[in-house]
Amino acid sequence: SLGSLLDSMTSMLSTVSLGISAIAALSLLVGGIGVMNIMMVSVTERTREIGTRKALGAPASAIRMQFITESVIGGFIGIVLGLALGTVLSNVVGYAAKPSIAAILIAVGFSMAIGVFFGYYPANKAAKLDPIEALRYE
């Protein structure tokens, strides 16, 4: 009957939706780990700069905020590039894909959350560096 067909279709769609959500969550986790690794490399490469800032009196909160801000800005750049490349590709293919404002705001929110969450550890590591050891670092 039509009712049982509708129920099975609804069940199948909810299962597919759950699978897509799981894949999205895993992608966010992997992306966040990538952000954290890149930020750790940034902290290592800029150890002398951090040491100089700390030696000149920069508080740990200012250094932490610098690195967290950089990771969030990276997310914004990714969103802008995604919108630009999506527009170009939709024009090439001939299919008008217009993201909704809600989707853009949700993407910005997730981007900021991932940037702050995964950027905090490297930022905190940079903020706790000893200025003398950091200046001595090669």
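Heads up: the structure comes first, above all this text.
The following paragraphs examine the structure supplied in this document. Every value quoted in this text rests on a predicted model; they were computed, and no experiment measured them.

### Some remarks on the packing of helix 2 (residues 47–55) against helix 3 (residues 60–93)
And then number 1: Helix 3 packs onto helix 2 with a crossing angle of 145° between their chain directions and a minimal axis gap of 10 Å. The way helix 2 lies across helix 3 gives a crossing that is right-handed. Within the contact between the two elements, helix 2 uses Glu49, Ile50, Arg53 and Lys54 and helix 3 uses Ala62, Ile63, Gln66 and Phe67.

### Some words on a nonpolar patch on the surface
And then number 1: Side chains of Met9, Met12, Leu13, Val16 and Ile20 sit close together on the surface and give an oily, nonpolar patch of about 490 Å² of accessible area.
And then number 2: Looking at the secondary structure, you find valine 16 in helix 1 (residues 2–45).
And then number 3: You can call valine 16 partly exposed: its relative accessible area is 45%.

### Some words on the side chain of threonine 47
And then number 1: Within the secondary structure, threonine 47 is located in helix 2.
And then number 2: With a relative accessible area of 8%, threonine 47 lands in the buried category.
And then number 3: Setting aside chain neighbours within four positions, we find threonine 47 in contact with Leu129, Ala134 and Tyr137.

### A closer look at the pattern of salt bridges
And then number 1: This model, assessed by the stated rule, comprises 2 salt bridges.
And then number 2: Across the salt bridge formed by arginine 46 and glutamate 49, the nearest N and O atoms sit 3.0 Å from each other.
And then number 3: Residue glutamate 49 is classed as partly exposed on the basis of its relative accessible area, which comes to 33%.
And then number 4: The residue glutamate 133 makes a salt bridge to arginine 136 at a minimum N-O spacing of 3.4 Å. In this pair, glutamate 133 and arginine 136 are both assigned in helix 5 (residues 131–136), 3 residues apart and thus about one turn of the helix distant.
And then number 5: Overall, the relative accessible area of 45% leaves glutamate 133 in the partly exposed class.

Scoring rules and cut-offs
Residues numbered from 1 in each chain as written. Predicted model: local features only at pLDDT ≥ 70, side-chain atom pairs only at ≥ 80, totals over all residues. Heavy atoms only, no water. Axes fitted to C-alpha atoms, helices over the stretch in contact; angles between N-to-C directions. Helix = DSSP H or I, 4+ residues; strand = E, 2+ residues; numbered from the N terminus. Left-handed = near helix turned anticlockwise from the far one by under 90°. Contact = heavy atoms within 4.5 Å. Patch = residues over 30% accessible without salt bridge, like charges linked within 9 Å, V, L, I, M, F, W, Y side chains within 5 Å. Areas by Shrake-Rupley, 256 points an atom, 1.4 Å probe, with all protein chains shown as cover. Salt bridge = Lys/Arg side-chain N within 4 Å of Asp/Glu carboxyl O. Buried < 20%, exposed > 50% of the residue type's maximum accessible area, 1.4 Å probe, protein only.

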